[in-house]
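In case you want the letters, here they are:
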Number of protein chains: 2
Amino acid sequence: MSSLGYAVRMSLKIALLGLLDAKGPASGYDLAKAFESSISNAWQAGHTQIYPELVKMAADGLVAVESEGARNRKIYAITPEGARLVRSWLIEHQPTAAMRSEVALQAFLLPLLDREDAIEVVLRLRRQFSERLAGLECRPVVKASGFGRYALRLGIAQGRAALDWADDTLAELREAGRDGEGSPAETGPRPPEAGLGASEAGPGTSAAEGE
Amino acid sequence: MSSLGYAVRMSLKIALLGLLDAKGPASGYDLAKAFESSISNAWQAGHTQIYPELVKMAADGLVAVESEGARNRKIYAITPEGARLVRSWLIEHQPTAAMRSEVALQAFLLPLLDREDAIEVVLRLRRQFSERLAGLECRPVVKASGFGRYALRLGIAQGRAALDWADDTLAELREAGRDGEGSPAETGPRPPEAGLGASEAGPGTSAAEGE
DNA sequence: GCTTGACATGTCAGTCCTTACATGTCACTT
DNA sequence: AAGTGACATGTAAGGACTGACATGTCAAGC
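Residues numbered from 1 in each chain as written. Chains lettered and ligands numbered in written order. Predicted model: local features only at pLDDT ≥ 70, side-chain atom pairs only at ≥ 80, totals over all residues. Heavy atoms only, no water.

Caption draft 1: Just helix 1 (residues 11-23) of chain A, in detail. Residues and elements named next belong to chain A. Under the 1.5 Å per step criterion, the end-to-end length of helix 1 is 18 Å for 13 residues, consistent within 8% with the ideal 18 Å. A large share of helix 1 lies buried, amounting to 13 of its 13 residues. Gly-24 occupies a position one or two residues after helix 1 and carries a positive phi of about 85 degrees. (Helix = DSSP H or I, 4+ residues; strand = E, 2+ residues; numbered from the N terminus. Expected span 1.5 Å × (residues − 1). Buried < 20%, exposed > 50% of the residue type's maximum accessible area, 1.4 Å probe, protein only.)

What follows is the structure, encoded as structure tokens:
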């Protein structure tokens, strides 16, 4: 389809192959469980994605299937070709930094709320960060040599950063409440912010917040 | 369709409404530009998503359209109903923490590589974090009262955390190279890691790395 | 014997999202 | 006058993904 054809949109493949490579042969069900636990920090996928993908990868020779009698279990094992694909993706593929985070979106839109509501929202986010962080930190893999240790540490570092952000933001919001008493965002529905609408501003004003 | 119906899968709607609310009336083109710059830190969307979504939202009464003659421009403005929707989403919607990050996936799979390759990968990730962070930090919105300041600070905090992770990981990988000389992961294709395949291990071993 | 719940695998409708294609305007330069 | 490039809006094919539905096995407890 595309001119790249390779290394685009194959993260699910890679995640499955990586799990099979790291932990040995497994069934689709096992892999689905792994997406809920060990790899949840890096990628998510449900069984409705996993089962068809395993069939495709078997057809492509990236994994080998073996039907085990008990409970219709089908055991998948990575092939040398599959192992090669994971490694070349890791070494060659520059990951995209595309952001799509509901949390960041709420942070972005925070100034739309008045002070009290904003504080409530940040408190809820803080609680969420805290719970997530606790869930990560109690895993035994962190200091040991468990397989997911690098991703786990990254998740913990970013969770702590988010928690610090929440604390700083709460402090600023409460600070703004003590003096002034008008929150910075509720002084009007449409502050003159060098808007997007180029039609109602003169030329040359569109450089605000540029990347 | 679903039993929730509301507040699910509407992040794009919310992002568009939030931009219109914050910055005033704008065209689809303007909004697409905003997704490349100001809000890129929180959500991404191309114009092929934005134009149809604006049409839908206009039909739902969340935005009002006004055709401006010049260059077929269509100016969209948020309606009171749209503004209500953004605020209720912000206050009521608990964001999902669903992770789907190629960077985290590479971190997760790092132990599959031998030491030299792993170092190369982490160096590349570090460079990427560094560039991204520089791009964020040079924006004038950080300390000022620009609209996206909260999301920007969150992005910077998480970027710094990622950078620190890269430095720590590099240090560990290089440390492991000085003594031992066999990298922790290349001592065999299949270390006994309490695998996923329940069929080849006794019962009770599946608690490793559980969530 | 029967129920319950974990195990195990799948399909399907519908939505989301990306890539590629398609069209036309306007300002500026050559 | 023609070309270039930013402006501006769309459509369509196809893959990715979710949620709901569907089916059946097996072990443990009542």
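On we go.
Caption draft 2: How the structure looks around the relation of the copies chain A and chain B. Least-squares fitting of chain A to chain B yields an RMSD of 0.0 Å, with the superposition described by an axial translation of 0.0 Å and a rotation of 180 degrees. Between the two chains, the operation in question is that of a two-fold axis. It is Gln158(A) whose C-alpha, among those of chain A, lies nearest the rotation axis, at 2.6 Å. Both copies share a contact surface, since 100% of the interface residues of chain A are interface residues in chain B too. (Least-squares fit on C-alpha atoms with pLDDT ≥ 70 in both. Contact = heavy atoms within 4.5 Å.)

Caption draft 3: Region of interest: the confidence of the model for chain A. Summarising the model, chain A shows a mean pLDDT of 84, and 79% of its residues fall at 70 or more. The low-confidence segment residues 185-211 of chain A (pLDDT under 50) makes 44 contacts with residues lying over four places distant or belonging to another chain. (pLDDT = per-residue confidence, 0-100.)

Caption draft 4: Representation of the pattern of salt bridges in the model. The final tally for this structure, using the stated rule, is 21 salt bridges over all chains. Ionic pairing is found between Glu116(A) and Arg115(A), a salt bridge with its closest N-O pair at 3.5 Å. Residue Glu116(A) is classed as partly exposed on the basis of its relative accessible area, which comes to 46%. A salt bridge links Glu53(B) to Lys56(B); the nearest nitrogen and oxygen atoms lie 3.9 Å apart. Of this pair, Glu53(B) and Lys56(B) both sit in helix 3 (residues 47-59), separated by three residues, roughly a single helical turn. You can call Lys56(B) partly exposed: its relative accessible area is 48%. (Salt bridge = Lys/Arg side-chain N within 4 Å of Asp/Glu carboxyl O.)

Caption draft 5: Main features of the protein's contact with DNA strand C. The environment of DNA strand C is formed by 19 residues, the closest being Arg9(A), Tyr29(A), Arg71(A), Lys74(A) and Gln44(B). Here, DNA strand C places atoms within 4 Å of the protein, and 74% of those atoms are sugar or phosphate. Interatomic distance of 2.7 Å between a side-chain N/O atom of Arg71(A) and a sugar or linking oxygen of DNA strand C. The side chain of Arg73(A) places a nitrogen or oxygen atom 3.0 Å from a phosphate oxygen of DNA strand C. Among the elements of the structure, helix 2 (28-36) and helix 3 (47-59) of chain A together with helix 3 of chain B are those that each provide at least two residues to the surface near DNA strand C. Of the residues assigned to the surface near DNA strand C, the class counts are three nonpolar, eight polar and eight charged. (Near = heavy atom within 4 Å. Polar contact = N/O pair within 3.5 Å; in protein donor to acceptor, adjacent residues only side chain to side chain. Nonpolar A, V, L, I, M, F, W, Y, C, P; charged D, E, K, R; others polar.)

Caption draft 6: Local environment of the sheet that holds strand 1 (residues 26-27) of chain A. Residue and element names in this part refer to chain A. The strand order 1-3-2 describes an open sheet built from three strands, whose pairing is antiparallel. The outermost strands of the open sheet, each flanked by one partner alone, are strand 1 and strand 2 (63-67). As paired elements, strand 2 and strand 3 (residues 74-78) share five bridges and run antiparallel to each other. When the bridges of strand 3 are listed, Val-65 appears paired with Tyr-76. Lying over the sheet, helix 1 contacts strand 1, strand 2 and strand 3, oriented at roughly 90 degrees with respect to strand 3. Sheet strands touched by helix 3: strand 2 and strand 3. Its angle to strand 2, the strand with the most contacts, is close to 110 degrees. (Pairing = 2+ DSSP bridges. Axes fitted to C-alpha atoms, helices over the stretch in contact; angles between N-to-C directions.)

Caption draft 7: Highlighting the interface of chain A and chain B. Across the contact, 93 residues belong to chain A and 94 residues belong to chain B. Both sides together, the interface formed by chain A and chain B hides about 9200 Å², and carbon and sulfur atoms give 61% of it. On inspection of chain A and its partner chain B, the count reaches four salt bridges. When the shortest N-O distance is used, the salt bridge between Glu172(A) and Arg149(B) registers 3.8 Å. Run the count over chain A and chain B and you get 33 residue pairs in polar contact (both at pLDDT 80 or more). (Buried area = accessible area lost by both parts, 1.4 Å probe.)

Caption draft 8: Geometry of the sheet that holds strand 2 (residues 63-67) of chain B. Residues and elements named next belong to chain B. The sheet built from three strands is open, its strands ordered 1-3-2 with antiparallel pairing. Among the strands making up the open sheet, the edge pair consists of strand 1 (26-27) and strand 2. Relative to strand 3 (residues 74-78), strand 1 is paired through two bridges, and the arrangement is antiparallel. Opposite Ser-27, over in strand 3, you have Ile-75 as the bridge partner. The strands touched by helix 3 within the sheet are strand 2 and strand 3, with strand 2 carrying the most contacts at an inclination of about 110 degrees.

Caption draft 9: How the structure looks around the packing of helix 6 (residues 115-137) of chain A against helix 4 (residues 80-92) of chain B. Viewed as axis vectors pointing N to C, helix 6 of chain A and helix 4 of chain B meet at an angle of 40 degrees, and their least axial separation amounts to 9 Å. By the criterion of interaxial angle, the relationship of helix 6 of chain A to helix 4 of chain B is oblique. Between helix 6 of chain A and helix 4 of chain B, the contacting residues are Asp117(A), Val121(A) and Arg124(A) on the first element and Leu90(B), Ile91(B) and Glu92(B) on the second. Taken together, the residues of the contact of helix 6 of chain A with helix 4 of chain B sort by class into three nonpolar, no polar and three charged. (Parallel < 35°, antiparallel > 145°, perpendicular 65-115°, else oblique.)

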